[in-house]
Amino acid sequence: MRQGKIERTTTETAVAVSVDLDGGGRYQVATGIGFLDHMLEQLSRHSLIDLVVEAKGDLHIDAHHTTEDIGIALGQAVARALGERKGIRRYGSAYVPMDETLTRVALDLSNRPYLVWKVAFSRDRLGTLDTELVREWFQAFAQAAGVTLHVECLYGENDHHIAESCFKALARALREAIEIDSRKADAVPSTKGTLGGSL
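Here we summarise the structure given alongside this text.

Definitions and limits used
Residues numbered from 1 in each chain as written. Predicted model: local features only at pLDDT ≥ 70, side-chain atom pairs only at ≥ 80, totals over all residues. Heavy atoms only, no water. Helix = DSSP H or I, 4+ residues; strand = E, 2+ residues; numbered from the N terminus. Expected span 1.5 Å × (residues − 1). Buried < 20%, exposed > 50% of the residue type's maximum accessible area, 1.4 Å probe, protein only. Contact = heavy atoms within 4.5 Å. 1 Å grid on protein atoms, 1.4 Å probe; cavity = no way out; pocket = protein on both sides within 12 Å on 5 of 7 lines; lining within 4 Å. Points joined across faces, edges and corners; volume = space filled by probe spheres on them. Pairing = 2+ DSSP bridges. Axes fitted to C-alpha atoms, helices over the stretch in contact; angles between N-to-C directions.

### Remarks on helix α3 (residues 132-145)
Helix length check: α3, at 14 residues, gives a terminal C-alpha distance of 21 Å against a target of 20 Å (1.5 Å per residue), a fit within 8%. Three or more residues of α3 are buried, namely Leu133, Val134, Trp137, Phe138, Ala140, Phe141, Ala142 and Ala145. Elements that come into contact with the buried residues of α3 comprise α1 (34-47), α2 (64-82), β7 (114-118), β9 (129-130), β10 (148-155) and α4 (159-178). In the stretch just after α3, Gly146 is the one whose phi turns positive, near 75 degrees.

So, in structure tokens, the structure goes:
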């Protein structure tokens, strides 16, 4: 069973996350940040990763700590569920259109975290979420999950569409990368025999 569970508690937040990589896209999400809830639900639905997220944070200050810590905890849960990353396809990519917007995500479950972010927003907020925190979530997730992650909005005007297409494209790319390759289900997909710090 490729499952992972993380509980992360600091003086700023309390976050509990569980994932099942071989799920059906079922979710239960409560972060206190409505727009982030919506994005995480999209991530679950389109990756087919079952996801439970419960978070309480210092939202009286702002949403930064909560958003970042959810990214960290979710990344750690995915990394735990992947284990040695044996048998996975490793690479995934997706183009996701959303009305006038088109976003591309390409990723490598390399255990070498890196984020390339080429996304711009014209508004300061989406609901109660500062748009600058979308990048912070992706950075936290990539770092904690051990993902080389490239996200680029090729074009778009509506900030809701831009953000949502980023999460949906991540979901579709993850769905591809975490899939078990039946031809090499017993092997780590690297000539080094391990993933992390090498090609």
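### Focus on empty space enclosed by the protein
Counted according to the given criterion, the structure contains one cavity of 30 Å³ or more. The volume enclosed by the largest cavity comes to roughly 50 Å³. Lining the largest cavity we find Val19, Leu43, Ser44, Ser47, Ile49, Leu51, Leu74, Val78, Phe141 and Leu174. Going through the elements one at a time, α1 and α2 are the ones with two or more residues in the lining of the largest cavity. Looking at which element gives the most residues to the lining of the largest cavity, the answer is α1, with three residues.

### A few points about the sheet that holds strand β2 (residues 13-20)
Spatially, β1-β2-β4-β3 is the arrangement adopted by the four strands of the open sheet, whose pairing is mixed. With partners counted over all chains shown, the strands left at the sheet margins are β1 (3-9) and β3 (27-30), one partner each. Geometrically, the sheet is characterised by an average inter-axis angle of 5 degrees between neighbouring strands, direction not taken into account. With seven bridges connecting them, β1 and β2 associate as antiparallel partners. Within β2, the residue paired with Gly4 across the bridge is Val19. Lying on the sheet, α1 is in contact with β3 and β4 (50-57); it crosses β3 at an angle near 165 degrees. Packed on one face of the sheet, α2 meets β1, β2 and β4 and runs near 35 degrees to β2.

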